[in-house]
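Structure assessment
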Amino acid sequence: MISNYEIARIFGQIADLMEVREDNPFKVRAYRKAAETIEGLTESLEAIASRGELEKIPNIGKAIAEKIGDICRTGTTPLYEELRAKVPAGLVEVMAVPGIGPTKVRALREALGVTSIEELETAGREQRIRGVQGMGAKTEENILHAIEAHRRRSDRWPLGKALPYAEGLAASLAERLGSLRIEVLGSIRRRVETIGDIDLGAVSTEPEKVMDAFVSLPHVKEVLVSGPASTRIRTNEGIQVDLRVSRPEDFGFLVHHFTGSRAHNIRLREIAERRGARISEYGIFEAGTDRELTTGEEEGEVYRFLGLPDIPPEIREDRGEIEAAQSGSMPVLIEADDIRGNLHSHTTWSDGAVSTEEMAAAARKRGHSYIAITDHSKRLGITNGLDEERLRAQMAEIDRLNAAATDGFRILKGSEVDILPDGTLDLDPALLAELDFVVASIHSGFKQDIETMTARMIHAMESGVVDMIAHPTGRLLGARDPYAIDLDRIYDAAVATQTALEINAFPDRLDLNDVNARRARDRGVKISINTDAHHPDHLGLYFYGIATARRAWLTAPDVINTWGLPDLMRWLEKRRG
DNA sequence: GCCGTTTTCGGCCCGACTGTTTTCAGTCG
């Protein structure tokens, strides 16, 4: 079994290798587009291939479909192997150095025999680059600088770090200039789970003034690009920030353009072209002329011009949203206000920061009408996990608190029970059956093989007492890969046993992620979005869970904790048979 | 290599900035 992710990686590498060889750039783009499309697919390519429907996927034609078949059968495809045999491994990395593309790679290789970053650096130190046709001392200096930056470039930032940082940067700039409309755009605005760089857009009729203020911010380590329309800096923290400025009447086009994604924008421009129009960050123009066809302070003008409904930023990935807009079947995406209660939270009974009563008060304050208290079970000793006796005591406490409540708010008795390596649960199932809401999750034995792990989780779902699986893949962004698990089989088991799967809203989890959650919902799985709160403030993390759900195209009815308490209890009763 | 409400062949998004040019190619997003 080979995952879509791995297949997409191979096509991405084919594109890289072909680019180094200066093959037809449109062919390179075709492979790259295929890789991007595959990454966004919610069904496994193997399943699609077994139905013979690969060529129905956009950007997959006869040739790439055949190669997908090769990869499913053998793990690779002849083209990939040929390219790897012909192209020195180091060249792809040389091209990854900012400022070096296919042409410079070839020039450097032909003139200096450079086939790796190390050789490139040596050539630069020995001042041999400046002798190459089309390159001077400045280029040589830039290359050496770029290699250094490339080596210590910071990894992608999780959204939970990038968004507050970008908003702080925008606020600092706005403060320096008095009042200024400035927006965080790019992948942050689309709420992508990790961010490579930050895009800002500002409204001003004096762009030079804005750019001057921007490059003099204390955050700035170096200025990478500097022009009247566009400035790029690197901050002390090592992340790149682009700033674009527009006059007010065209700001909507700038916002739209730099929100992206690129793939989404390209599709829109193709649609515009068929209507004789050209879309750019400056506006919508008659094709081949500079005659502006419309102005727009707000980005919605782009969609209005094309006769489409607004498309939310979170789903602008060319993953079917344009077709949905054209056919009038845009989903009404879930919003933060739809959440009625949190079904995964911790207290001082295990590793939480506050008491049951305080956590419930925090949920009330947010306007929720219920909360499930789901402390850890005994196996997780480090969290002071509850055994049967302490769980009974906590249940009694919750009964007392509920009896004293006068506003209809309800605390649900729950547990986050460990799924042990053999698939059994860490607490007596008879006791778990007395709870209102049982969360089960994996916190150990991450190295089990895919078959064992999948069977282990399914066994837990088939226990009859588990209502939801928390953070189903166990990944920690930037820290721990997901464990090996066959999610398609998990989804099928979740439907068969009517077990919900979680979108865990913690910014370093976001698990299930966008693509997996969309796939799960499409297979009929019920989703629950939870903060996994260990502190009252963590209830604010719903922002990230909702962002992930919106990127997964989820609507409120897909998510069980958007339901009122009576509907939720009815569903729980029914699923427990 | 993919695609099609002008097309099964001939296209393939659009614009900014930099450096090395002497009017533009390369790279990037």
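Residues numbered from 1 in each chain as written. Chains lettered and ligands numbered in written order. Predicted model: local features only at pLDDT ≥ 70, side-chain atom pairs only at ≥ 80, totals over all residues. Heavy atoms only, no water.

1. What to know about the pairing of strand E13 (residues 410-418)
- Most of E13 is tucked away: eight of the nine residues are buried.
- By the bridge criterion, four bridges tie strand E12 (residues 370-373) to E13 in an arrangement that is parallel. Bridging from a neighbouring strand, Ile 371 pairs with Ile 411 of E13. (Buried < 20%, exposed > 50% of the residue type's maximum accessible area, 1.4 Å probe, protein only. Helix = DSSP H or I, 4+ residues; strand = E, 2+ residues; numbered from the N terminus. Pairing = 2+ DSSP bridges.)

2. Here we look at the domain arrangement of chain A
- With domains assigned, chain A is organised as domain 1 (4-153), domain 2 (157-246), domain 3 (251-327) and domain 4 (336-576).
- Inter-centroid distance (C-alpha atoms) of domain 1 to domain 4 is 41 Å.
- On the side of domain 4, five residues touch domain 1, which itself brings five residues to the contact.
- Carbon and sulfur atoms make up 51% of the surface buried where domain 1 meets domain 4, a total of about 400 Å² over both sides.
- Counting the contacts that link domain 1 with domain 4 gives zero salt bridges.
- At the boundary of domain 1 and domain 4, one finds one residue pair in polar contact (both at pLDDT 80 or more). (Domains from an automatic or database assignment. Contact = heavy atoms within 4.5 Å. Buried area = accessible area lost by both parts, 1.4 Å probe. Salt bridge = Lys/Arg side-chain N within 4 Å of Asp/Glu carboxyl O. Polar contact = N/O pair within 3.5 Å; in protein donor to acceptor, adjacent residues only side chain to side chain.)

3. A short note on the side chain of Asn 265
- As for its position among the elements, Asn 265 is in helix H14 (residues 262-274).
- The residues touching Asn 265, leaving out its near neighbours within four places in the chain, are His 256, His 257 and Gly 260.

4. Let's talk about the protein's contact with DNA strand B
- Neighbouring residues of DNA strand B: 44 residues in total, closest Asn 59, Gly 61, Gly 99, Gly 136 and Arg 269.
- If you look at DNA strand B and keep only atoms within 4 Å of the protein, 76% of those are sugar or phosphate atoms.
- Contact distances for DNA strand B include 3.5 Å between a phosphate oxygen and a backbone N or O atom of Ala 63.
- Thr 103 is positioned with one of its side-chain polar atoms (N or O) 3.2 Å from a phosphate oxygen of DNA strand B.
- Mapped onto the surface near DNA strand B, the elements with two or more residues apiece are helix H2 (25-40), helix H4 (62-74), helix H7 (102-112), helix H9 (137-151), strand E5 (220-226), strand E6 (230-235), H14 and strand E8 (277-280).
- With five residues, H2 is the largest single contributor of residues to the surface near DNA strand B.
- Grouping the amino acids of the surface near DNA strand B by side-chain chemistry returns 19 nonpolar, 14 polar and eleven charged. (Near = heavy atom within 4 Å. Nonpolar A, V, L, I, M, F, W, Y, C, P; charged D, E, K, R; others polar.)

5. Brief notes about the sheet that holds strand E16 (residues 500-504)
- Read across the open sheet, the seven strands follow the order E11-E12-E13-E14-E15-E16-E17; overall the sheet is parallel. Only two strands of the sheet have a single neighbouring strand rather than two, namely strand E11 (341-342) and strand E17 (527-530).
- Here two bridges tie E11 to E12, and the two strands are oriented parallel to one another. Of the residues in E12, the one forming a bridge with Asn 342 is Ile 371.

6. Here's the deal with the sheet that holds strand E4 (residues 197-203)
- Read from one edge of the open sheet, five strands run E2-E4-E7-E6-E5, paired in mixed fashion. Two strands in the sheet have a free side with no partner beyond their single neighbour: strand E2 (182-185) and E5. Within this sheet the neighbouring strands show an average axis-to-axis angle of 25 degrees, counted without direction.
- Note that E4 and strand E7 (residues 240-246) share seven bridges and pair parallel. Looking at E7, one finds that Gly 201 is bridged to Arg 244. (Axes fitted to C-alpha atoms, helices over the stretch in contact; angles between N-to-C directions.)

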